[in-house]
Each structure stands twice: as C-alpha cells, then as structure tokens.
Amino acid sequence: VEEQHGSWCGFKAGEVIDDHDAALGYVLQHYPDLLPSFVGLPAAAQKSIRFTQCKMEYNMGWLVQAEAPPGALLSTLRRTVQSGNASQQDIAFYFV
C-alpha cells in the first residue's frame, strides 16, 4: 500500500497486499488507468466491478456443497447490503 494512500482495507501503508482479490481491488481504486479496458467502462460498471473485489467472505463452493450455515456464508454480504453500499446491479453482477 502506497504511503500516500494511508491504510486500505485493513492493510497498512507500506504493507504488501498478499491477497490477489484485495490487490486487484487496490489497483482498480487507485490506479485504474493501468487497466484500459476497465477505465473505458461507464462509471456504474466500474463500481460494480470494484464491488466484486470487496471482502464478502462468500464462497460459492460452500453454498453449492452446503458446507456452511447461511449466517457464516452471507453475513458480510447482508451487512453490506443493509448499509446501502451495494446497488441491485452490484449484487447481480457479483453473483454472475
């Protein structure tokens, strides 16, 4: 995480982001010009793509194989939706 960005999603300034989803989310937020196909999208589409990189703690395999109770599987997503930080478009795109 660059010093000028301070902390980001639980990572401190100067810390290496060791999670590939979080790293992509960081690049999408702070360096979108590095990804021409992303930066050329409408703002609403960019927002939906950024949303997919959030830490929802959702695992499709757990759902398909019934390996986790609903609370563990969907609690973070539920809190995000209830907070108003997710549009219907964001949620639909996340599950595609």
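Described below are features of the structure shown in this document. Treat the numbers as computed from the prediction; the structure is a model and nothing was measured. (Residues numbered from 1 in each chain as written. Predicted model: local features only at pLDDT ≥ 70, side-chain atom pairs only at ≥ 80, totals over all residues. Heavy atoms only, no water.)

Describing a nonpolar patch on the surface
The condition is simple: In this analysis, a patch consists of residues with relative accessible area above 30% that form no salt bridge, clustered at 9 Å for like charges and at 5 Å for the nonpolar side chains Val, Leu, Ile, Met, Phe, Trp and Tyr. Reported accessibility uses the Shrake-Rupley method at a 1.4 Å probe radius. Residues are deemed covered only where the shown protein chains occlude them. The rule for a salt bridge is simple: a side-chain nitrogen of Lys or Arg has to be within 4 Å of a carboxyl oxygen of Asp or Glu. In this description a helix means any DSSP run of H or I spanning at least four residues, a strand means any run of E spanning at least two, and both kinds are numbered starting from the N terminus. The rule is simple: take the accessible area with a 1.4 Å probe, protein chains only, and divide by the maximum for that residue type; under 20% is buried, over 50% is exposed, in between is partly exposed.
Residues Met-60, Leu-63, Val-64, Leu-74 and Phe-95 make up a contiguous nonpolar surface patch of roughly 450 Å² in combined accessible area. For the nonpolar patch, the element with the highest residue contribution is helix H4 (residues 60-64), accounting for three residues. With respect to the element layout, Leu-63 can be found in helix H4. Classification of Leu-63 as partly exposed rests on a relative accessible area of 46%.

Regarding the layout of surface pockets
Formally: In this analysis, the protein atoms alone were mapped onto a 1 Å grid. Cavities are point sets where a 1.4 Å probe fits without being able to get out; pockets are open sets with protein on both sides within 12 Å along at least five of seven lines; lining residues have an atom within 4 Å of a point. Grid points are joined across faces, edges and corners, and a volume is the space filled by probe spheres set on the points. Ten residue types, Ala, Val, Leu, Ile, Met, Phe, Trp, Tyr, Cys and Pro, are classed as nonpolar, four, Asp, Glu, Lys and Arg, as charged, and the remainder, Gly among them, as polar.
Here the largest pocket is characterised by a volume of approximately 170 Å³. In this structure, the largest pocket is lined by Trp-8, Cys-9, Phe-11, Ala-22, Gly-25, Leu-28, Gln-29, Arg-50, Gln-53, Cys-54 and Lys-55. In terms of residues, the lining of the largest pocket owes the most to one element, helix H1 (residues 20-30), which gives four residues. Counted by class, the lining of the largest pocket contains six nonpolar, three polar and two charged residues.

As for the pattern of salt bridges
Under the defined criterion, the tally for this structure stands at one salt bridge. A salt bridge links Lys-47 to Asp-90, with the nearest nitrogen and oxygen atoms 2.4 Å apart. Of this pair, Lys-47 sits in helix H3 (residues 43-52) while Asp-90 sits in helix H6 (residues 88-94), placing them 43 residues apart in sequence.

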